[in-house]
Amino acid sequence: MRVLSRAPAKVILVGEHFVVHGGRALALSVDLWATAVAEPGSRLSLESEDPPGSCGDGECAPHLRPLYAMLEEVAADNPRAVGSYRLRSDIPRARGLGSSAAAAVALAAAALALAEGVAPRDEVYRYAMTSERIIHGNPSGVDPAASTYGGAILYSRAEGMRRLSVAEGELTICCGASPRSTASMVEQVSQFRRSREGLFEALLSSSTDLVALASERLESGDLASVAAIMRWHQGALRILGVSSPELEAYVAAMEASGLASKLTGAGGGGCAVGLGTPRGELRCSAPIIMRVRYPAGGVEVWTPS
Ligand code: MEV
């Protein structure tokens, strides 16, 4: 039996970083995918096309270790998950679009389906969190939630996930050439919180309210209010120190073509998102420019005959 699975990328429209500290995030799953193929075998192995690398027989490419550790955990719980796994992804890696979570979700779903014939989404999410914890220590859980359940979600650690009912739409994305570390950006914000607690708490409390409002307004189609709340968050993320000259240039280019824009994900490099599609020419100097659609579906599994 061969099992195939796929899981979507996500874009955090507003609330990244604050969600790590108990705030809320509004995340959209988008139509970029990580795909996994699993086949039963006598030993566990993982091979990735992009970035290339493999794990098995006691050796593992460093960037694949968290994913392999997660597969080992699934296999420890259910030995029928032992087999060979292949991963490919069209999500730019380590740029804030949830590539690591989507890879973990696709592999967890493939492993569960191989072992049990089904991949219940709550279990997929639980295993994907194993990998996310290894990668960045203190994940809020929003990335694997968006990738597992799909759609548009309002998420917080305390309240969990609420599905939003939103009309389909497009986002413009400009991404830099180099991957960056979510763990170090999350740590940088924690340092900001320790050194300027009063300011951080005021931003966190405003963000928490504004993200809830953005969710309501996205549901009612009031994109002008969503745009204003995105701009507020870009200012707040700049204050937290997670923007960069490169990201500011991408945001300015999108704003110049009529799109509300902000960085998305952990920042420090990576991608900026624009709400909608540009009017006229987009003068974004980014090496990766994409147009994506939201909301995408969540993780899917199928067994070709
Ligand atoms: C990363 O996509 C989003 C962050 O808020 C981290 C997290 O929520 O785990 C920066």
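### Quick look at the site of the ligand
Okay, so step 1: Around the ligand sit 13 residues, and of these Lys10, His17, His136, Ser140 and Asp143 come closest.
Okay, so step 2: Within the contact set of the ligand, an oxygen atom lies 2.9 Å away from a backbone nitrogen or oxygen of His17.
Okay, so step 3: Contact distances for the ligand include 2.6 Å between an oxygen atom and a side-chain N or O atom of Ser140.
Okay, so step 4: Protein burial of the ligand: of its 300 Å² of free accessible surface, 98% is covered by the chains.
Okay, so step 5: Looking at the shell around the ligand, the elements with two or more residues in it are strand S1 (3–14) and helix H4 (142–149).
Okay, so step 6: Across the shell around the ligand, the residue classes break down as six nonpolar, four polar and three charged.

### Quick word on the state of the cysteines
Okay, so step 1: A full pass over the atoms with the stated rule returns three disulfides.
Okay, so step 2: Through a disulfide, Cys174 is tied to Cys284; the S-S separation comes to 2.5 Å. Here Cys174, found in strand S9 (residues 169–175), pairs with Cys284, found in the loop between strand S11 (271–275) and strand S12 (288–294); they are 110 residues apart in sequence, far enough to count as distant. Side by side, Cys174 and Cys284 carry an identical accessibility label, which is buried.
Okay, so step 3: Cys175 shares a disulfide with Cys271; S-S distance 2.1 Å. Here Cys175 and Cys271 share a disulfide; its torsion about the S-S bond, 100 degrees, makes the bridge right-handed. In this pair, Cys175 sits in strand S9 while Cys271 sits in strand S11, placing the two residues 96 residues apart along the sequence.

### Digging into the packing of aromatic side chains
Okay, so step 1: Counted according to the given criterion, the structure contains three aromatic pairs.
Okay, so step 2: Consider the rings of Tyr125 and Tyr149, whose centres lie 6.0 Å apart with planes at 45 degrees: the pair is tilted. With Tyr125 in helix H3 (residues 121–136) and Tyr149 in helix H4, this pair connects stretches of sequence that are 24 residues apart.
Okay, so step 3: A residue is classified by how much of its surface remains accessible, and Tyr125, at 17% relative accessible area, is buried.
Okay, so step 4: A relative accessible area of 15% places Tyr149 in the buried class.
Okay, so step 5: Here the aromatic cluster, defined as three or more aromatic residues joined through ring pairs, consists of Phe18, Phe192 and Phe200.

### Comments concerning the pairing of strand S2 (residues 24–40)
Okay, so step 1: Taken across its 17 residues, S2 has 13 buried, putting it largely inside the fold.
Okay, so step 2: In this structure, S1 lies alongside S2, joined through eleven bridges in antiparallel fashion. Each residue of the ladder has a partner; that of Val3, found in S2, is Ala38.
Okay, so step 3: Bridge count between S2 and strand S7 (residues 152–156): five bridges; the pairing is antiparallel. From the neighbouring strand, Ala27 faces S7, where its bridge partner is Ile153.

### Details of the environment of Val19
Okay, so step 1: One can find Val19 in the loop between S1 and S2.
Okay, so step 2: Relative accessible area serves as the criterion here: at 2%, Val19 is assigned to the buried category.
Okay, so step 3: C-alpha separation for the pair Val19 and Arg86, spaced 67 residues apart in sequence, amounts to 32 Å.
Okay, so step 4: Apart from residues no more than four positions distant in its own chain, Val19 is found in contact with Arg24, Ala25, Ser140, Val142, Tyr155, Ser156 and Arg157.

### Re the nonpolar core
Across soluble globular proteins, nonpolar side chains show a tendency to be buried alongside one another.
Okay, so step 1: Membership of the largest hydrophobic core comes to 69 residues, with the highest contact counts inside it found for Leu46, Tyr85, Leu97, Leu107, Leu171 and Ile173.
Okay, so step 2: A total of 14 residues in this core trace back to one element, the largest contributor, which is helix H2 (residues 99–116).
Okay, so step 3: Non-local contacts of Leu171, meaning those with residues more than four positions away in its chain, are made with Val11, Leu13, Leu28, Val30, Val273, Gly274, Leu275, Gly276, Met290, Arg291, Val292 and Tyr294.
Okay, so step 4: Counting 24 residues, the second largest nonpolar core, distinct from the first, contains Met185, Leu247, Leu282 and Ala286.

Procedures and definitions
Residues numbered from 1 in each chain as written. Predicted model: local features only at pLDDT ≥ 70, side-chain atom pairs only at ≥ 80, totals over all residues. Heavy atoms only, no water. Near = heavy atom within 4 Å. Polar contact = N/O pair within 3.5 Å; in protein donor to acceptor, adjacent residues only side chain to side chain. Areas by Shrake-Rupley, 256 points an atom, 1.4 Å probe, with all protein chains shown as cover. Helix = DSSP H or I, 4+ residues; strand = E, 2+ residues; numbered from the N terminus. Nonpolar A, V, L, I, M, F, W, Y, C, P; charged D, E, K, R; others polar. Disulfide = S-S within 2.5 Å. Buried < 20%, exposed > 50% of the residue type's maximum accessible area, 1.4 Å probe, protein only. Phe/Tyr/Trp six-rings, centres within 6.5 Å; stacked < 30°, edge-to-face > 60°. Pairing = 2+ DSSP bridges. Contact = heavy atoms within 4.5 Å. Core = buried A, V, L, I, M, F, W, Y, C linked by side-chain atoms within 4.5 Å.

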